[in-house]
Amino acid sequence: MASIKQVQVTFDCAEPERVARFWCEALGYVVPPPPEGFATWDDFDRALPPERQGSAFACGDPSGVGPRLFFQRVPEGKVVKNRVHLDVRVGTGLVGEERVTALEAECARLVALGGTRVRLLTADENNESCLLMQDIEGNEFCLD
């Protein structure tokens, strides 16, 4: 059986580049260079048929370890809870108030980028605290 070499996470959204740039800032990801023959992604986008302009954008982990994120424009808005979401691991190894402080600090940074704080889930006997958030188009994710 062949092993999986790479994983891409795809987001449906209204504004692919805007959402991608939020996630670049949130995760320290980068936008790859434009295709050969184009000086910028804007140049590439302008070369597409009008109906495809602005329809997709991508970013990736500069170390090559994390999955590529791909953002595609869809006509419908988000109407229900995500069935898949990202967990942004900012509190790994931390417990108690030290963990909550780290989660809240990252939450404040992401809110300044356009994210939305939903609520803090406090630690219980099975799980450490995590913070529920939404990106700039309402996609849920967790800081944990």
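Residues numbered from 1 in each chain as written. Predicted model: local features only at pLDDT ≥ 70, side-chain atom pairs only at ≥ 80, totals over all residues. Heavy atoms only, no water.

Participant: Now, about the overall build of the chain: what can you tell me, with residues and values included?
Facilitator: The secondary structure content of the chain amounts to three helices and seven strands. Starting at the N terminus and walking to the C terminus, you meet the elements of the chain as β-α-α-β-β-β-α-β-β-β. Overall size of the chain, expressed as C-alpha extent along the three principal axes, is 55 × 35 × 30 Å. Restricting to contacts in the chain with at least 6 residues of sequence separation, those with at least 24 account for 57%. Total accessible area computed for the chain in this model is approximately 9200 Å², and 54% of it derives from carbon and sulfur atoms. Charged side chains of the chain number 15 positive and 23 negative; the gap between the two group centres comes to 3 Å. (Helix = DSSP H or I, 4+ residues; strand = E, 2+ residues; numbered from the N terminus. Contact = heavy atoms within 4.5 Å. Areas by Shrake-Rupley, 256 points an atom, 1.4 Å probe, with all protein chains shown as cover. Lys, Arg positive; Asp, Glu negative; His and termini not counted. Charge placed at Lys NZ, Arg CZ, Asp CG, Glu CD.)

Participant: Explain the packing of helix H1 (residues 16–27) against helix H3 (residues 96–112) residue by residue, including any values.
Facilitator: For the pair H1 and H3, the least separation of the axes is 10 Å and the interaxial angle reads 150 degrees. Classified by the interaxial angle, the pair formed by H1 and H3 is roughly antiparallel. Handedness of the H1/H3 crossing: right-handed. Here H1 contributes Phe22, Glu25 and Ala26 to the contact with H3, which in turn contributes Glu106, Arg109 and Leu110. Considered class by class, the residues forming the contact of H1 with H3 number three nonpolar, no polar and three charged. (Axes fitted to C-alpha atoms, helices over the stretch in contact; angles between N-to-C directions. Parallel < 35°, antiparallel > 145°, perpendicular 65-115°, else oblique. Left-handed = near helix turned anticlockwise from the far one by under 90°. Nonpolar A, V, L, I, M, F, W, Y, C, P; charged D, E, K, R; others polar.)

Participant: How would you explain H3 if you had to name every residue and give the values?
Facilitator: In this model H3 runs 25 Å from its N-terminal to its C-terminal C-alpha over 17 residues, within 8% of the 24 Å that 1.5 Å per residue would give. Every buried residue of H3 is accounted for by Arg99, Val100, Leu103, Glu106, Cys107 and Leu110. Axial view of H3: buried residues confined to an arc of 135 degrees, hence all on one face. Exposed residues pointing more than 90 degrees away from the buried face of H3 are listed as Glu97, Glu98, Thr101 and Ala112. Close packing links the buried residues of H3 with H1, strand S5 (116–121), strand S6 (130–134) and strand S7 (140–143). (Expected span 1.5 Å × (residues − 1). Buried < 20%, exposed > 50% of the residue type's maximum accessible area, 1.4 Å probe, protein only. Arc of directions from axis to C-beta.)

The values reported here are purely geometric and, on their own, carry no functional implication.
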